[in-house]
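Descriptive analysis of the structure
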Amino acid sequence: MTQGFSLLSYNIQAGIGTQRAHHYVTRAHQQLIATKAKRKRLQEIGRFISDYDVVCLQEVDPGGRRAGFTNQGDILSGISRLPHHVFQENRIVRAISRHGNAILSRIPIKDYVDLKLPGRVGGRGALIAELDMDPATVVVCVHLSLGQADQLEQVECLAEHLNLPRYKRCRRIVAGDFNCGIGSTPIQRLADLCDVRLLTASTDKTYPAWAPRHALDHILSDDTALDHGVLVEDVNHSDHRPVSARFLQARPKAQ
């Protein structure tokens, strides 16, 4: 029986849970140390993401001091019971924090690539995972820089990889925190280079989570057969809200 699969993209802010502008100051210590509140928030995030089949996470700390020297991706994989996971570390702030992306999946991950993205300030990346399913599907978890010049350079690098023959034969889904809106030049450039369509709309505002005014988190794909359009999920575990979509005609390969 043909089944769909659900995908979620979420910038989890390393579990800090900023919910008001003043929290950037009052919760600044959570950028430096592990706290009970942060551990509780990771539990809440893990339970929330357990409803999805594939989850792309940005701003995951894979073992810095602020994460209690534990991989937040491993913790979330265990709580959510999403058994297949790959991680990417992009930046280390010595003795304080580590920064990266993660993909957690109910569907086996056949292969993955840890792609470091260029930029004037390093520390950005795209995690490319090929799912073991029919039709062949590749999911990309991306977190772009803040400036447009860097963003353009980064989407050019990403497009060069996604247009390799090994990926051109696959359904391609790109999801993450792009730090730019749907009408921006970097988003349009990626769509044009990879022949993918932006599934998020101008009304899908994700930042700041407590009063969303900006559409920064997106899903793009060359497959537009969705069970429903992109949804912005109403949860407040981070300073971003997550976005989700459900794709049709997808099933794991028989074992």
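Relevant structure appears above.
Residues numbered from 1 in each chain as written. Predicted model: local features only at pLDDT ≥ 70, side-chain atom pairs only at ≥ 80, totals over all residues. Heavy atoms only, no water.

Further remarks concern the sheet that holds strand E10 (residues 197–198). Strand order in the open sheet formed by six strands is E5-E6-E8-E9-E11-E10, with mixed pairing between adjacent strands. The open sheet has two edge strands, strand E5 (109–117) and E10, and neither has a second partner. For strand E6 (residues 124–131) and strand E8 (residues 137–143), the ladder comprises seven bridges, and the chain directions are antiparallel. Its bridge partner lying in E8, alanine 129 is registered against valine 139. Contacts from helix H4 (residues 148–162) reach E5, E6, E8 and strand E9 (171–177) within the one sheet, and its direction differs from that of E5 by about 150°. (Pairing = 2+ DSSP bridges. Helix = DSSP H or I, 4+ residues; strand = E, 2+ residues; numbered from the N terminus. Contact = heavy atoms within 4.5 Å. Axes fitted to C-alpha atoms, helices over the stretch in contact; angles between N-to-C directions.)

All right, on to the nonpolar core then. Counting 25 residues, the largest nonpolar core has Val142, Leu158, Val174, Phe178 and Leu190 as the members making the most contacts within it. Those elements giving two or more residues to this core turn out to be E5, E6, E8, H4 and helix H6 (185–194). The leading source of residues in this core is H4, at five residues. Look past the residues within four positions of valine 174 in its chain and what remains in contact with it is Val140, Val142, Leu158, Leu162, Leu190, His218, Ile219 and Leu220. Among the nonpolar cores identified, the runner-up in size contains 23 residues, and Ile109, Ala175, Leu199 and Val243 belong to it. (Core = buried A, V, L, I, M, F, W, Y, C linked by side-chain atoms within 4.5 Å. Buried < 20%, exposed > 50% of the residue type's maximum accessible area, 1.4 Å probe, protein only.)

Successive residues of a regular strand alternate their side chains across the two faces of the sheet. The element E6 is largely enclosed, with a buried count of eight among its eight residues. Pairing analysis gives eight bridges linking E5 to E6, with the strands arranged antiparallel. Counted as the bridge partner of isoleucine 109 is leucine 131 from E6. Counting the residues in the hairpin turn of E5 and E6 gives six residues, including glycine 123, whose phi is positive at 110°.

Between aspartate 134 and the following residue, proline 135, the backbone shows a cis peptide bond with an omega angle of 5°. Secondary-structure assignment places proline 135 in the loop between strand E7 (133–134) and E8. With a phi close to 60°, arginine 81 is a non-glycine residue in the positive phi region. Mapping arginine 81 onto the fold places it in the loop between helix H3 (72–80) and strand E3 (84–93). Even without glycine at this site, aspartate 195 takes up a positive phi of about 55°. Tracing the chain through its elements places aspartate 195 in the loop between H6 and E10.

Turning our eyes to something else, we now look at the pattern of salt bridges. Summed over all chains, the structure comprises nine salt bridges. Aspartate 150 is the partner of arginine 120 in a salt bridge, and the nearest nitrogen-oxygen pair spans 3.5 Å. Of the two residues, arginine 120 sits in the loop between E5 and E6 while aspartate 150 sits in helix H4, which places them 30 residues apart along the sequence. Owing to a relative accessible area of 70%, arginine 120 belongs among the exposed residues under this scheme. (Salt bridge = Lys/Arg side-chain N within 4 Å of Asp/Glu carboxyl O.)

Here we take up the environment of leucine 152. Along the chain, the position of leucine 152 falls in helix H4. Sequence separation between leucine 152 and glutamine 188 is 36 residues, and the spatial gap between their C-alpha atoms is 9.9 Å. Once residues lying within four places of it in the same chain are set aside, the contact partners of leucine 152 are Thr185, Pro186 and Arg189.

On to the side chain of aspartate 217, then. For aspartate 217, the position within the fold is in strand E11 (residues 217–221). Within the buried set, aspartate 217 has no salt-bridge partner at all; the shortest N-O distance to an opposite charge, 9.7 Å, is to arginine 241. Engagement of the side chain of aspartate 217 in a polar contact is seen with the side chain of threonine 206, the distance being 2.5 Å. Polar contacts involving the side chain of aspartate 217 include one to the side chain of histidine 240, which spans 2.8 Å. Leaving out residues up to four positions away in the same chain, aspartate 217 has contacts with Asn11, Gln58, Gly176, Asp177, Thr200, Thr206, His240, Arg241 and Val243. (Lys, Arg positive; Asp, Glu negative; His and termini not counted. Polar contact = N/O pair within 3.5 Å; in protein donor to acceptor, adjacent residues only side chain to side chain.)

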